[in-house]
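Coordinates in review
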Amino acid sequence: MLISKKLNDAMNAQIGDELMASNQYLNIAAYFDSETLPELAAFFFRQSDEERMHALKFVRYILDAGGTVAVPAMEAPTTEIGSAEAAAQMALDWEIEVTNKINALMDIAVEEKDYIAQEFLHWFVNEQLEEVSSMDGLLSVIRRAGEKQLLMVENYVSRQAAAAPEEDEEA
Ligand code: FEO
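The structure contained in this document is the topic of the report that follows. Everything quoted here is computed from the prediction, not taken from an experiment.

Conventions used here
Per-chain numbering applies: the sequence of each chain, read as written, is numbered from 1 onward. Local features in a predicted model are, by the rule used here, given only for residues with pLDDT of at least 70; side-chain atom pairs are given and counted only at 80 or more, and totals for whole chains, interfaces and linings are based on all residues. The basis for every side-chain value is the complete set of heavy atoms in the structure, and neither hydrogens nor water enter the calculation. Buried residues of nine kinds, namely Ala, Val, Leu, Ile, Met, Phe, Trp, Tyr and Cys, make up a nonpolar core once their side-chain atoms join them within 4.5 Å. Relative accessibility decides the category of a residue: with a 1.4 Å probe and only protein chains considered, values under 20% of the type maximum give buried, values over 50% give exposed, and everything between is partly exposed. Secondary structure counts use DSSP, requiring at least four H or I residues in a row for a helix and at least two E residues in a row for a strand, with both numbered from the N terminus. Contacts are residue-level and defined by heavy atoms, with any inter-residue pair within 4.5 Å sufficient. Planes of paired rings set the category: under 30 degrees apart is stacked, over 60 is edge-to-face and the rest tilted, where pairs are Phe, Tyr or Trp rings (Trp by its six-membered ring) whose centres lie within 6.5 Å. Think of it as a cone above the ring: NZ of Lys or CZ of Arg counts as a charge over the ring if it is within 6 Å of the ring centre and within 35 degrees of the ring normal. The salt bridge criterion pairs a side-chain nitrogen of Lys or Arg with a carboxyl oxygen of Asp or Glu, the two atoms within 4 Å. Helix axes use the C-alpha atoms of the stretch in contact, all axes being lines fitted to C-alpha atoms, and the angles between their N-to-C directions lie in the range 0 to 180 degrees. Any angle between 65 and 115 degrees counts as roughly perpendicular, while under 35 counts as roughly parallel, over 145 as roughly antiparallel, and the rest as oblique. Throughout, a crossing is termed right-handed when the near helix is turned clockwise from the far one, and left-handed when it is turned anticlockwise from it by less than a right angle. Just so you know the grouping, Ala, Val, Leu, Ile, Met, Phe, Trp, Tyr, Cys and Pro go in nonpolar, Asp, Glu, Lys and Arg go in charged, and all remaining residues, Gly too, go in polar. Points on a 1 Å grid over protein atoms alone make up a cavity when a 1.4 Å probe fits among them but cannot get out, and a pocket when they form an open set with protein on both sides within 12 Å along at least five of seven lines; lining residues each have an atom within 4 Å of a point. Grid points are joined across faces, edges and corners, and a volume is the space filled by probe spheres set on the points.

Of all hydrophobic cores here, the largest spans 47 residues; its most connected members are M11, F32, F44, F58, L121, L138 and V153. Counting residues per element, the ones that place at least two in this core are helix 1 (5-34), helix 2 (38-64), helix 3 (84-111), helix 4 (115-145) and helix 5 (150-163). Here the element with the most residues in this core is helix 3; it accounts for 12 residues. The contacts of F44, once residues within four sequence positions are left out, are Y25, I28, A29, F32, A91, M135 and L138.

In total, this model carries 9 aromatic pairs according to the counting rule given. These aromatic residues form a ring-pair network of at least three members: Y25, Y31, F32, F43 and F44. Residue placement shows K57 over the ring face of W123; its charged tip is 4.2 Å from the ring centre.

With that out of the way, let us pick up the pattern of salt bridges. The tally for this structure, following the rule as stated, stands at 5 salt bridges. Across the pair E85 and R143 runs a salt bridge whose closest N-O atoms are separated by 2.9 Å. Here R143 lies in helix 4 and E85 lies in helix 3, a separation of 58 residues in the sequence.

Where helix 2 contacts helix 4, the two axes come as close as 12 Å, and the packing angle between them is 165°. On the basis of their axis angle, the class for helix 2 and helix 4 is roughly antiparallel. For the crossing formed where helix 2 meets helix 4, the hand is left-handed. Between helix 2 and helix 4, the residues in contact are L40, F43, F44, Q47, E50, E51, M53, H54, K57, F58 and Y61 and I116, A117, F120, L121, W123, F124, E127, E131, S134, M135 and L138, respectively. In terms of residue class, the contact of helix 2 with helix 4 is made up of 14 nonpolar, 3 polar and 5 charged.

Turning next to the layout of surface pockets. Considered as a void within the structure, the second largest pocket measures approximately 190 Å³ in volume. Lining the second largest pocket are M20, A21, Q24, E75, A76, P77, T78, M90, D93, W94 and E97. If you list the elements that add at least two residues to the lining of the second largest pocket, you get helix 1 and helix 3. Broken down by element, the residue count for the lining of the second largest pocket peaks at 4 residues, all from helix 3. Its residues placed into classes, the lining of the second largest pocket shows 6 nonpolar, 2 polar and 3 charged.

A few words on the side chain of Q128. Mapped onto the elements of the fold, Q128 is located in helix 4. Q128 gets classed as buried once you look at its relative accessible area, which sits at 3%. Beyond its immediate chain neighbours, meaning those up to four positions away, Q128 contacts E95, V98, T99 and I102.

So, in structure tokens, the structure goes:
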């Protein structure tokens with residue numbers, strides 16, 4: 001077995017966090033869709049898919065390392081979205097929290113001199129920079145536009161999507 005019980009347990013908890021984020025982003029996507037803001041809805045549907053892909057990466061890693069996958073129980077995501085600004089703030093807060101969780105996983109891997117896990121976790125460290133930066137950018141643009149001018153935000157999101165490189169979908 002190439003994974004310790006401590007890291008295995010922490011990665012199982014992370015699978016739950018990634019799936020919870022996926023569910024939360026699905027609710028946010030549905031909120032934007034119901035507000036007839038299709039680009040923002042599509043952005044959060046894509047984010048939801050990405051979070052599921054993150055969970056699957058952990059599943060694959062645990063299996064490859066000879067550990068045990070145990071998907072934990074998850075809290076229901078909130079349906080109280082309220083506004084575009086609140087949605088973006090919720091997503092940004094979440095991504096900052098996930099960054100701390102990924103750092104904590106890396107701390108375990110470093111502590112245990114588990115170089116294979118460190119190599120695997122580097123992908124997530126880089127991904128978090130992109131995710132925090134993307135949510136921070138979205139929140140700024142929403143604040144600048146204001147809730148009455150979200151069509152400007154739709155334009156921004158659409159341009160960002162067109163300029164984005166293809167996501168690494170390998171799980
Ligand atoms: Fe899987 Fe957005 O962190």
